[in-house]
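# Structural overview
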Amino acid sequence: MAKKKKIRTDFRKNRGDRPRSSDWTRRYKDHGFEDESPPQVERISGKGELVRRRTVCGEQSDDGETPGLSVHLDVDETVCRPGRVLSVLGLLSMVEDSSGNVYRCATRRLLKTISTDQRHVVAAGDRVYFRPVDDSEPKEGMIERIEPRYGCVCRAVRRRQHIIVANVDQIAIVSSAAEPRFKPNLIDRLLLAAEKGGVRPLICINKIDLVDPAVLQPTVGVYGRMGYRVLLLSAKTGFGVERFRQALQGRENVIAGQSGVGKSSL
Ligand SMILES: Nc1nc2c(ncn2[C@@H]2O[C@H](COP(=O)(O)OP(=O)(O)OP(=O)(O)O)[C@@H](O)[C@H]2O)c(=O)[nH]1
Ligand SMILES: [Mg+2]
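Let me sum up the structure you'll find in this document.

Rules and cut-offs
Residues numbered from 1 in each chain as written. Chains lettered and ligands numbered in written order. Predicted model: local features only at pLDDT ≥ 70, side-chain atom pairs only at ≥ 80, totals over all residues. Heavy atoms only, no water. Helix = DSSP H or I, 4+ residues; strand = E, 2+ residues; numbered from the N terminus. Buried < 20%, exposed > 50% of the residue type's maximum accessible area, 1.4 Å probe, protein only. Contact = heavy atoms within 4.5 Å. Areas by Shrake-Rupley, 256 points an atom, 1.4 Å probe, with all protein chains shown as cover. Near = heavy atom within 4 Å. Polar contact = N/O pair within 3.5 Å; in protein donor to acceptor, adjacent residues only side chain to side chain. Nonpolar A, V, L, I, M, F, W, Y, C, P; charged D, E, K, R; others polar. Salt bridge = Lys/Arg side-chain N within 4 Å of Asp/Glu carboxyl O. Arc of directions from axis to C-beta. Phe/Tyr/Trp six-rings, centres within 6.5 Å; stacked < 30°, edge-to-face > 60°. Lys NZ or Arg CZ within 6 Å of the ring centre and 35° of its normal. Expected span 1.5 Å × (residues − 1). Pairing = 2+ DSSP bridges. Axes fitted to C-alpha atoms, helices over the stretch in contact; angles between N-to-C directions.

## Quick word on the overall build of the protein chain
Across its full length, the protein chain holds 5 helices and 14 strands. Within the protein chain, buried positions represent 39% of all 266 residues. Residue pairs in contact within the protein chain that sit at least 24 positions apart in sequence constitute 67% of those at least 6 positions apart. Carbon and sulfur atoms provide 49% of the accessible area of the protein chain, an area that totals close to 16500 Å².

## Brief notes about the site of ligand 1
The environment of ligand 1 is made up of 15 residues, and the closest members are A235, S259, K263, S264 and S265. In the environment of ligand 1, a nitrogen atom lies 2.8 Å from a nitrogen or oxygen atom belonging to the side chain of D209. Contact distances for ligand 1 include 2.5 Å between an oxygen atom and a side-chain N or O atom of S259. Here ligand 1 has 660 Å² of accessible area as a free molecule, and 63% of this is covered by the chains. Looking at side-chain class alone, the shell around ligand 1 contains 3 nonpolar, 8 polar and 4 charged residues.

## Looking at the pattern of salt bridges
Applying the stated criterion across every chain, the model contains 9 salt bridges. Two residues, R108 and E144, come together in a salt bridge whose shortest N-O distance is 3.2 Å. Here R108, found in the loop between β6 (102-107) and α2 (109-113), pairs with E144, found in strand β8 (residues 140-146); they are 36 residues apart in sequence, far enough to count as distant. For R245, the salt bridge is made with E242, and the minimal N-O distance between the two is 3.1 Å. Remark: E242 and R245 occur in helix α5 (residues 241-248); sequence separation between them is 3 residues, near one turn of the helix. The exposure class of R245 is partly exposed, given its relative accessible area of 46%. Assessed through its relative accessible area of 44%, E242 is described here as partly exposed. Several salt bridges converge on common partners, so that one network encompasses E77, R145 and E147.

## Digging into α5
Buried within α5 we find V241, F244, A247 and L248. Mapping the buried residues of α5 onto a view down its axis gives an arc of 120 degrees, with all of them on the same face. Where α5 is buried, its residues touch β11 (170-176), β12 (200-206), β13 (229-232) and β14 (253-256). In the segment just after α5, G250 is the residue with positive phi, at about 70 degrees.

## Observations regarding the packing of aromatic side chains
To describe a pair of aromatic rings, one takes the distance between the centres and the angle between the planes. Per the stated rule, a full pass over the model turns up 1 aromatic pair. Residues Y103 and F130 carry aromatic rings whose centres are separated by 4.9 Å and whose planes lie at 55 degrees to one another, so their mutual orientation is tilted. Of this pair, Y103 sits in strand β6 while F130 sits in strand β7 (residues 127-132), and the two are 27 residues apart along the sequence. Using a relative accessible area of 0% as the deciding quantity, one classes F130 as buried. In this arrangement the basic side chain of R243 is found over the ring face of F239, its NZ or CZ atom lying 5.8 Å from the centre.

## Concerning helix α4 (residues 213-225)
Here α4 contains 13 residues, and its C-alpha end-to-end distance of 18 Å stays within 8% of the 18 Å for a straight helix at 1.5 Å per residue. Of the residues making up α4, those classed as buried are L216, T219, V220 and Y223. Of the surrounding secondary structure, the elements contacted by the buried residues of α4 are α3 (184-197), β12 and β13. A positive backbone phi angle near 95 degrees is found at G227, which sits one or two residues after α4.

## Things to note about the sheet that holds β14
A sheet is described by the order of its strands in space; here 4 strands give the open sequence β13-β12-β11-β14, paired in parallel fashion. Looking at the sheet topology across the chains shown, the edges are occupied by β13 and β14. The mean inter-strand angle of the sheet, taken between neighbouring strand axes irrespective of direction, is 20 degrees. In this sheet, β12 lies alongside β11 in parallel orientation, the contact comprising 7 bridges. By the bridge assignment for β12, Q170 is matched with R200. Helix-sheet contacts for α3 involve β11, β12 and β14, and the interaxial angle to β11 is about 175 degrees. In the packing of α4 onto the sheet, the strands contacted are β12 and β13, and the crossing angle to β13 comes to about 155 degrees.

Set out below in structure tokens:
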């Protein structure tokens, strides 16, 4: 980024104590108001939904379409390195750099306090800039910036966006013909998530060795007419596995599906 630019941005409400405690009734019952009442130091009006604003160095980057932060912060590219988030475990993210080293990274506080509708700021698959901590073993670092995302699979949690994975091209929606029984409604839910996040869906029906494939033809036909590619597979017999491999080639893929449908086997 050539020139430092300052912008005003919304911040989350300060994460302090609750403005009022929730145990008044219990305290009243315990106390009984016999001699003196409980201390009246509670602040019962807060600033409510009023947001805090601050000035940060960066650019406005919100296109309103892909989920992400509304600002793209400036980072010192002489000390920060690009990396990819492999997984997120609570406050820690595992970030892989270009030479394959994995760093345990925390997230810069500024990123966590910029106002956003995301549930967590960092998601698996994110491309980030992180500052490695010198000579730390295991390798540690601090995530300083998250690059704009494309292709996200999200779900909504209490009006917040939970990004399950970011920056993927294709989602292999794996289901099984039997054991667990075939559930088209799970496929439909993932299809919706894929369409919404701009990820290309690939429907995979595994374990077809357990049923007569003719039973599945009407379903395959329905999805086919909607323009989706459907693969019938069996990890057990190897049927269709080569086609599955080819369909994944050259793309960033995410494999999704209920437990036990055979994702690991495939
Ligand atoms: N008959 C049959 N069984 C299969 C097939 N593919 C997988 N299985 C069996 O299904 C069971 C579950 O397979 P996994 O690959 O562990 O399933 P998963 O989707 O990875 O499950 P989670 O890791 O729990 O999400 C295993 O016992 C596999 O042997 C198949 O094509 N046919
Ligand atoms: Mg598995």
